[in-house]
Amino acid sequence: MVTEPRTDAPADVADPIEYFLDDQRYHGKSERTLEAYERVLRRFETFVRERFDSEAIGAAQRRECMAWIHSLRGEFESSTIATYASYLNRFYDYMTRVGVFDGNPMGVVMEEMSESIDTNPTRRDLSVGEMRSFVDSIAHPLERAVVVTLLKTGMRVGELCNLDLRDLHLEIPALDLEWTPRVGLERRPSSLFVSAEPARGTTVNGEERTASNKRKRETVVPVDDELRRVLLEWLAIRPDAVSGARPLFLDTRDSWGQRLTPSDVRYFVETHAREHGWYRTGGGTEENVTPHYFRHFFTTHLRDRTGDRGIVQYLRGDVAGDVIDTYTHNWGDRVRETYLECIYEVTR
């Protein structure tokens, strides 16, 4: 759905980038998307200021835009350059339509560019053994639990951050921690519930959420012995939560006891991936291992092992009509048994 831009733009906007970001935030863009927009637009703003001695990003013309695109070559993959160009084009198009800028200098540049966005990139091909070595290098119980959860469930990072204790049904030893799993897990022991409900800005389980779950259907994912062990190691040291929603994963650093955010997860995954030689600044999707890579890894390896695309679609939360309904009703016999038989091990 295309959302019409605001038409009440003031005649003199002090910071066009911030004005654009505010509008995108109003229309529900995620914080990750907003951070990406701001990073790229500020980089272009600095380039125009330093190379062309211009303080006004609105005064940039085709020459400045083309020079910036050229400056990115050699540092970034062509698909990344195309993505950055699309951000700038969207910014200028919006600011022109609301009457702040006179025109969009990126229009012609986009037609002249040789780069294109790769909508189905070839990702780094990692074996289960290589991933096991990566997980083995992660010592912190929180970071290890987060990475193993992503690898074992295929959920998105926002969905992981939105998990509350009630979304986990797990028989635990004598820990000083008790909770009541949600109703949807009553007859499904050792499982995780991934809701379709949370959306950025809405209140779920008494807490306003800052990340959205993109799946259209609720999903129950089995927890095998390996994930259970890793989660118990985390729960044994988990601090008290600030929120009454009792998030499953909490920050143990500057925001002690607060719900872990997608940016927190991206930061420590990037840190470990960089140490492992799997992340490079400026590297594209084909090269860098990010939290979303784990979803790709889960899909590829589990689909190959099960030979059942429907089960993987169900676990990922993809919409597949009556097929998904079949797996939902047959969760114990079909989904759980197949999953436990085929899921790979990622710890030693």
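Rules of the game
Residues numbered from 1 in each chain as written. Predicted model: local features only at pLDDT ≥ 70, side-chain atom pairs only at ≥ 80, totals over all residues. Heavy atoms only, no water. Core = buried A, V, L, I, M, F, W, Y, C linked by side-chain atoms within 4.5 Å. Buried < 20%, exposed > 50% of the residue type's maximum accessible area, 1.4 Å probe, protein only. Helix = DSSP H or I, 4+ residues; strand = E, 2+ residues; numbered from the N terminus. Contact = heavy atoms within 4.5 Å. Pairing = 2+ DSSP bridges. Phe/Tyr/Trp six-rings, centres within 6.5 Å; stacked < 30°, edge-to-face > 60°. pLDDT = per-residue confidence, 0-100. Axes fitted to C-alpha atoms, helices over the stretch in contact; angles between N-to-C directions. Parallel < 35°, antiparallel > 145°, perpendicular 65-115°, else oblique. Left-handed = near helix turned anticlockwise from the far one by under 90°. Nonpolar A, V, L, I, M, F, W, Y, C, P; charged D, E, K, R; others polar. Salt bridge = Lys/Arg side-chain N within 4 Å of Asp/Glu carboxyl O.

A.B. asks: An account of the nonpolar core is requested, with residue identities and associated values reported.
C.D. replies: Grouped together as the largest cluster of nonpolar side chains are 61 residues, with contacts concentrated most on Met131, Leu235, Phe249, Val265 and Phe294. If one sorts the elements of this core by residue count, helix H7 (residues 141-153) sits on top with seven residues. Here Leu235 is in contact with Leu165, Leu168, Leu170, Leu175, Leu177, Trp179 and Leu248, once residues within four sequence places are set aside. By size, the runner-up hydrophobic cluster in this structure holds 37 residues, among which are Val13, Tyr19, Val40 and Ile57.

A.B. asks: Outline the side chain of Glu226, listing residues and values.
C.D. replies: Mapped onto the elements of the fold, Glu226 is located in helix H9 (residues 225-235). Look past the residues within four positions of Glu226 in its chain and what remains in contact with it is Lys152, Tyr344, Glu345, Val346 and Thr347.

A.B. asks: Would you mind going over unusual backbone geometry in detail, with residue names and values included?
C.D. replies: The phi angle at Ser190 is positive, at roughly 50°, despite the residue not being glycine. With a relative accessible area of 16%, Ser190 lands in the buried category. With a phi angle near 55°, Arg246 is a residue other than glycine that sits in the positive phi range. Arg246 gets classed as partly exposed once you look at its relative accessible area, which sits at 32%.

A.B. asks: Please give an account of the pairing of strand S5 (residues 219-222) that cites residues and values.
C.D. replies: Side chains Thr219 and Val221 of S5 all project onto a buried face; the interleaved residues Val220 and Pro222 project onto the opposite face, where all are buried too. Where strand S2 (residues 191-194) lies against S5, four bridges are found, and the strand directions are antiparallel. Across the sheet, the residue bridging to Val194 is Thr219, located in S5.

A.B. asks: Account for the packing of aromatic side chains, with residues named and values stated.
C.D. replies: By the definition in use, this model includes 15 aromatic pairs. Centroid distance Phe134 to Phe294: 6.3 Å. Interplanar angle 40°. Geometry classified as tilted. Taken together, the residues Phe134 in helix H6 (residues 128-136) and Phe294 in helix H11 (residues 291-306) connect sequence positions 160 residues apart. Each of the two residues, Phe134 as well as Phe294, counts as buried. Among the aromatic residues, those joined into a ring-pair cluster are Phe20, Tyr37, Phe44, Trp68, Tyr87, Phe91, Tyr92, Tyr94 and Phe101.

A.B. asks: Can you break down the confidence of the model for the protein residue by residue, with the values?
C.D. replies: Averaged over every residue, the pLDDT of the protein is 87; the share at 70 or more is 89%. Averaged pLDDT values over the elements of the protein bottom out at 62 in helix H13 (residues 322-329) and peak at 98 in H7. Low confidence marks residues 1-7, where pLDDT is under 50. Its contacts with residues over four positions away, or in another chain, come to nine contacts.

A.B. asks: Provide a residue-level description of the packing of helix H3 (residues 62-72) against helix H4 (residues 78-97), including the pertinent values.
C.D. replies: Interaxial distance between H3 and H4 falls to 10 Å at its minimum, and their mutual angle equals 155°. For the element pair H3 / H4, the angle class is roughly antiparallel. Crossing of H3 over H4 shows right-handed handedness. Of the residues in H4, those touching H3 at Cys65, Trp68, Ile69 and Leu72 are Ile81, Tyr84, Ala85, Leu88 and Tyr92. When grouped by side-chain class, the residues that make up the contact of H3 with H4 number nine nonpolar, no polar and no charged.

A.B. asks: Can you break down the packing of H6 against H11 residue by residue, with the values?
C.D. replies: What describes two packed helices is the angle between their axes and the distance between those same axes. With their axes 12 Å apart at the nearest point, H6 and H11 run at an angle of 140° to one another. As judged from the angle between their axes, H6 and H11 are oblique. When you trace H6 past H11, the crossing you get is left-handed. Residue-level contacts link Val128, Met131 and Phe134 of H6 to Tyr293, Phe294, Phe297, His301 and Arg305 of H11. Grouping the amino acids of the contact of H6 with H11 by side-chain chemistry returns six nonpolar, one polar and one charged.

A.B. asks: Help me get a handle on the sheet that holds S5, residues and values and all.
C.D. replies: Consider a sheet: its strands pair through backbone hydrogen bonds, and that pairing is either parallel or antiparallel. Taking strand neighbours across the sheet as the criterion, the three strands line up as S1-S2-S5 in an open arrangement whose pairing is antiparallel. Two strands lie at the open edges of the sheet, namely strand S1 (168-169) and S5, each paired on one side alone. Pairing of S1 with S2, which is carried by two bridges, proceeds in the antiparallel orientation. By the bridge assignment for S2, Leu168 is matched with Leu192.

A.B. asks: Describe the pattern of salt bridges, and please don't skip the residues or the numbers.
C.D. replies: Tallying each qualifying case throughout the model produces 25 salt bridges. Its salt-bridge partner being Arg63, residue Glu64 comes within 3.7 Å of it at the nearest N-O pair. Among the charged side chains, a network of salt bridges with common partners joins Asp15, Glu38, Arg42, Glu45 and Arg49.

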